[in-house]
Amino acid sequence: MAIGMHSLQKTKFAALSRSVCGIAGKTLIINFPGSEKAVVECFYYIKDLLPHALHLINNDLALVRKTHEKLQGSGVAQSPTPHVCPHKTGKGDGVDRNSPYPMLPVNEALNLILQTVKTQETLPNLLKNFKSPVDIPPFRASIKDGYAMKSSGFSGSKKVIGYISAGDSIISDDFEEDECYKINTGAPVPLKADCVVQVEDTKLLKTKKNGQEDLVEILVEPKKDLDIRPLGCDLSKNSPLFPSVDLSPVVVKSLMASVGHAVPLHKPLVAVISTGSELLDPQDYPIEGKIYDSNTTMLRQLLQYFGFECFVTKVLSDDFEEVFETLSSIYDEVDFVICSGGVSMGDKDFIKPVLQKLGFQLLVGRVNMKPGKPMTFAAKGDKYFFGLPGNPVSAFVCFHLFALPAVRWCSGWTQEKCMLPVVQVILENQSVPLDPRPEYMRATITSRNGQLYASITGNQMSSRLQSIVGADVLVHLPARTETKTEAKAGDILPASVLRYDFITKYE
Ligand SMILES: Nc1nc2c(c(=O)[nH]1)N[C@H]1C(S)=C(S)[C@@H](COP(=O)(O)OP(=O)(O)OC[C@H]3O[C@@H](n4cnc5c(N)ncnc54)[C@H](O)[C@@H]3O)O[C@H]1N2
Ligand code: MOO
Ligand SMILES: [Mg+2]
């Protein structure tokens, strides 16, 4: 274009010349006009652009950035004709075919998300202040299967005057020292009994005609309080239910259940939407040109794995109206939409335009990461939208790094707990080429001599869902620099833990 523009100022016949240029691999190919004079002139017009062009082709980000800084200045004062670099951010209009969204660093995108999503700050407090409404156990309960009796009655033979099972009501009648009740673990100890002797320390002396026990010999000295859980010994009424803040859904739900209460949380309601006219239900017969939809199942399962529920699921085709209609009404039912597909540069990638038309604020439109570059996050009031890239692995990675922390944050988790835990791992692979974008590689963990070793799960293409097989962690590989172009065996790298059971092998 530069050659054409300048040549036209010299001669209108320049319009007829083939001003073609292109890239083959890492080679820049420029087609000059036929005459020697024109070649010299044209070379003059483009020679200053060549270093920058070569830096771009070679992904020398440091040098690319340097050029930008030089051209744009660092502060408000800009060069008279600001350099809008196509690979940085474009205007997104008819002429500029580049994404208008700045490529945010992962941390910046995450911070923006957590600053935007409203948290229930009350939850940790709510749990901290929650007093148990009941005693556990709510009665004196037997710790053993055995015989309940009075400790004042000594050992020796005793008459069995009744059977008490778990779930029976509490016996308040008085009884003699040489009498006892046969009792099961967890059953209520009679009010007038003060000890239980386990069945192993007794001998059956006589059985009634109906098969029930009549007389037993107690072989040990019964001691007061032996094998009885006193009322409220596990948890006493009006004491705090949560001695420390623990937001694990397993912990919160089961503790609340143990005192007969439902969880006092507002769990965010989440919808999973998959977009793509190519998507086929996994139960359908194969159809030419279509692919099976894996993201819907994956995202639902991930939500479930981390203790959240998927309230609604929808699969939409790449149709502006359909996406628009669905997103216009779905927020009547849910707080979050976790969508996949349709966020990149295709003429059928409608997610961003639909969000704009619906009045959402697009806070994240691209992230400097691999996979997951077109990761999108938008908000309107207290309704939130995640547009995960359609490639299944990109959706998988972005769910863990962005959507999960946001949903956790919204349900009242403390900020540092929202993110996956990060551990240090030692790389096992001989050599892993670094990408210009920071990369999150799936890897299998082996524990060896107390150290965690990470082995990358094969080809890391963002379309290859198989790379999540055996993926215990996401290893954080830094962006390539001039001096560091690969990671090597023995390198120590941070890794986000994907699973509770994240050590596949012990050696
Ligand atoms: N010109 C450009 N093209 C693309 C860019 C770019 O920067 N410039 N980014 C690429 C990157 S990176 C990614 S990631 C993808 C993201 O694309 P979209 O979010 O728009 O997703 P789709 O185009 O709808 O689909 C991409 C890919 O994933 C498959 N897919 C989608 N949904 C599902 C599903 N539910 N289950 C299984 N597979 C799914 C879909 O068939 C496509 O193959 O864009 C690049 N393009
Ligand atoms: O960033 Mo895309 O997610 O490379 O595949
Ligand atoms: Mg697309």
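- With an unreviewed UniProt entry as reference, the chain is termed Putative molybdopterin binding protein, source organism Musca domestica.
- The UniProt entry for the chain carries the following comment under Cofactor (unreviewed entry): "Mg(2+)".
- Under the Function (unreviewed entry) heading, UniProt states for the chain: "Catalyzes two steps in the biosynthesis of the molybdenum cofactor. In the first step, molybdopterin is adenylated. Subsequently, molybdate is inserted into adenylated molybdopterin and AMP is released."

**Describing helix α9 (residues 320-330)**
Inference 1: Taken as a whole, α9 has its buried residues at V323, F324, T326, L327 and I330.
Inference 2: Elements in contact with the buried residues of α9: β12 (270-275), β15 (310-316), β16 (336-340), α10 (351-357) and β20 (383-388).

**Details of the coordination of the magnesium ion (ligand 3)**
Inference 1: At the metal site, the magnesium ion (ligand 3) is ligated by D349 (OD) and D349 (OD), and these contacts range over 2.5 Å.
Inference 2: Structurally, D349 can be placed in the loop between β16 and α10.

**Remarks on the pairing of strand β27 (residues 492-497)**
Inference 1: The pairing of strand β21 (residues 422-427) with β27 spans 5 bridges and is antiparallel. Paired with I426 across the bridge in β27 is I492.

**Notes on the sheet that holds strand β9 (residues 202-207)**
Inference 1: What the 6 strands build is an open sheet, ordered β8-β5-β7-β6-β10-β9; its pairing is mixed. Two strands in the sheet have a free side with no partner beyond their single neighbour: β8 (195-198) and β9. Sheet twist, expressed as the average angle between the axes of neighbouring strands with direction ignored, equals 40°.

**Brief notes about the site of ligand 1**
Inference 1: Of all residues adjacent to ligand 1, which total 22 residues, the nearest are E278, D293, S344, K373 and G390.
Inference 2: One of the backbone N or O atoms of N391 is found 3.2 Å from an oxygen atom in ligand 1.
Inference 3: The fraction of the free accessible surface of ligand 1 (860 Å²) that becomes covered by protein chains is 70%.
Inference 4: For the shell around ligand 1, the elements supplying multiple residues, two or more each, are β12, β14 (291-292) and α11 (392-410).

**Some points on the site of ligand 2**
Inference 1: The local shell around ligand 2 consists of P371, G372, K373, N391, S394, R437 and S462.
Inference 2: A distance of 2.4 Å separates an oxygen atom of ligand 2 from a polar backbone atom of G372.
Inference 3: Interatomic distance of 2.4 Å between a side-chain N/O atom of S462 and an oxygen atom of ligand 2.
Inference 4: Of the residues belonging to the shell around ligand 2, the class tally is 1 nonpolar, 4 polar and 2 charged.

**Considering the sheet that holds strand β19 (residues 376-380)**
Inference 1: Taken in spatial order, the 6 strands of this open sheet run β15-β12-β16-β20-β19-β17, and their pairing is mixed. Among the strands making up the open sheet, the edge pair consists of β15 and β17 (361-364). If you compare each strand with its neighbour and ignore which way they point, the axes differ by 20° on average.
Inference 2: Bridge count between β16 and β20: 5 bridges; the pairing is parallel. Of the residues in β20, the one forming a bridge with F336 is Y384.
Inference 3: Contacting β12, β15, β16 and β20, α9 runs over the sheet at an angle of about 165° to β15.
Inference 4: Of the strands in this sheet, β12, β16 and β20 are in contact with α11, which crosses β16 at around 180°.

Analysis parameters
- Residues numbered from 1 in each chain as written.
- Chains lettered and ligands numbered in written order.
- Predicted model: local features only at pLDDT ≥ 70, side-chain atom pairs only at ≥ 80, totals over all residues.
- Heavy atoms only, no water.
- UniProt positions renumbered as here; feature names shortened; annotations may be inferred.
- Buried < 20%, exposed > 50% of the residue type's maximum accessible area, 1.4 Å probe, protein only.
- Helix = DSSP H or I, 4+ residues; strand = E, 2+ residues; numbered from the N terminus.
- Contact = heavy atoms within 4.5 Å.
- Donors = N, O, S within 2.8 Å, 3.2 Å for Na, K, Ca; no water.
- Pairing = 2+ DSSP bridges.
- Axes fitted to C-alpha atoms, helices over the stretch in contact; angles between N-to-C directions.
- Near = heavy atom within 4 Å.
- Polar contact = N/O pair within 3.5 Å; in protein donor to acceptor, adjacent residues only side chain to side chain.
- Areas by Shrake-Rupley, 256 points an atom, 1.4 Å probe, with all protein chains shown as cover.
- Nonpolar A, V, L, I, M, F, W, Y, C, P; charged D, E, K, R; others polar.

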